[in-house]
Amino acid sequence: MSDQPEKSGRMDAVPSFPLPQLRWASRSPAERVWLYTAVSLYLVYLFFMVLLGLVVVGTLRSDADLAIAIGLALALSAGGLWSLDDLMRTSGRAWPRLPALILLAVATLAAGAFVATLPRDPAFNMVMLVVCAWSWWVGAVADRRAWWALASASAALGWWASQQADRTAYAVGVSMFLMFTVSSSVWLMNLVRELEDARATAAALAVAEERLRFSRDVHDVMGRRLSEIAVQAELATAYVTRGDQRAASSIADVRATAHAALREARELARGYRPVDLAQELQGARALLQSAGITTDVDVVGMPKQWAEPAARVVRECVTNVLRHSRAGWVRIAYADGVLTIENDGAGTAARKPSGSGLRALRDLAIEHGGTLETTHDGDTFTVKLLVEEAR
């Protein structure tokens, strides 16, 4: 569908499948259905008009009447086809353009004047030609009031030309049948187009979801690593300022963390990096302790299916502790279906609205059938992941 000029789901837009381009093999299944239905409507319309035109011509005797009948048949066919084409290009949401309506109206008035001079049989056949020309495109109009107006006009014309109830009923029946045929065809074409638009929308949403997941992974991985580098760099700076021999070791730690961040960034670029709970807990403990934060970890009994969501929660919480708090201790524990992560460095940060990281974690918890809660009590900020116990 990439070669189409427009992806909009609006049904009043010019259709995405232009009729002049009849390349069948290069079209999608939806385009083929649309093209097949549209061309079938045009061909069947022309067949009906030619058939009725031949019936009219077959009942006339004078050359003048034959010439008039042929001219009227051509004008009615052209006006009806033009109007139908306009409606097909707007999916029935707009009326045909004025020139098409003028041509059809003038041909209809001329046909009415001609019918007044004919015997009953050719007069009725000419009326049926008019009814067919109008019914074929009115069926594509979304406004059903146009249907009833044409059905009433068909009854009036049928009675005027034949003075017979059965022929009048026949004219109304043909009119309603043709309008239903066109309407059902247009409905099918619109349905196919909507399904194609829905498929394109689903693909776009999938891409957006993948981008959101990728951005969340980048936020989690790189945010934590950058925070770790910042803490280690501050520690190294303090060692250098005091002339401490541990400065070289701290700088080496910064270098190692930077390389680890680069490696993880490459893993994210190649494909989403798996999140391991044990590695996250080990990294969190090392990072927090390097920042002088006492860390207590006990997550024995965590269900396996919750290991990855729990690892993401731990990563986000540790990153937030390093960025937004002055915590002295952090406790990570699991018991009775609840993973609890709390620290004593909330201060005013906990009173600020939750960031995008915590909102993403809430969505992640909901996806897995759990919930995420945050509370603060004084300087203590607590994040609780309520998990669904393994069955």
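Figured I'd write up the structure that's included with this text.

Rules behind the numbers
- Residues numbered from 1 in each chain as written.
- Predicted model: local features only at pLDDT ≥ 70, side-chain atom pairs only at ≥ 80, totals over all residues.
- Heavy atoms only, no water.
- Helix = DSSP H or I, 4+ residues; strand = E, 2+ residues; numbered from the N terminus.
- Expected span 1.5 Å × (residues − 1).
- Buried < 20%, exposed > 50% of the residue type's maximum accessible area, 1.4 Å probe, protein only.
- Core = buried A, V, L, I, M, F, W, Y, C linked by side-chain atoms within 4.5 Å.
- Contact = heavy atoms within 4.5 Å.
- Salt bridge = Lys/Arg side-chain N within 4 Å of Asp/Glu carboxyl O.

1. Points about helix 9 (residues 307-324)
Over its 18 residues, helix 9 extends 25 Å from the first C-alpha to the last, a length consistent with the 26 Å expected when each residue adds 1.5 Å. The buried count for helix 9 comes to 13 of 18 residues, which makes it a mostly enclosed element.

2. Some points on helix 4 (residues 120-138)
The end-to-end C-alpha separation of helix 4 is 27 Å, in line with the 27 Å expected for 19 residues at 1.5 Å each. Burial runs high along helix 4: 16 of the 19 residues are buried.

3. Examining the nonpolar core
Core analysis: the largest hydrophobic core is formed by 48 residues, its most contacted members being Leu76, Leu84, Met88 and Met126. Of all elements in the fold, only helix 1 (29-58), helix 2 (63-88), helix 3 (98-115), helix 4, helix 5 (145-162) and helix 6 (165-242) reach the threshold of two or more residues within this core. Top element by residues in this core is helix 4. It accounts for 13 residues. Apart from the residues within four sequence positions on either side, Leu84 is in contact with Tyr42, Trp136, Trp137, Ala140 and Val182.

4. Some points on the pattern of salt bridges
Within this structure, the stated rule accounts for five salt bridges. The residue Asp121 makes a salt bridge to Arg167 at a minimum N-O spacing of 3.0 Å. One end of the pair, Asp121, is in helix 4; the other, Arg167, is in helix 6, and 46 residues separate them in sequence. Arg167 gets classed as partly exposed once you look at its relative accessible area, which sits at 22%. The residue Asp244 makes a salt bridge to Arg246 at a minimum N-O spacing of 2.9 Å. Judged by relative accessible area, Arg246 falls into the partly exposed class, the value being 47%.

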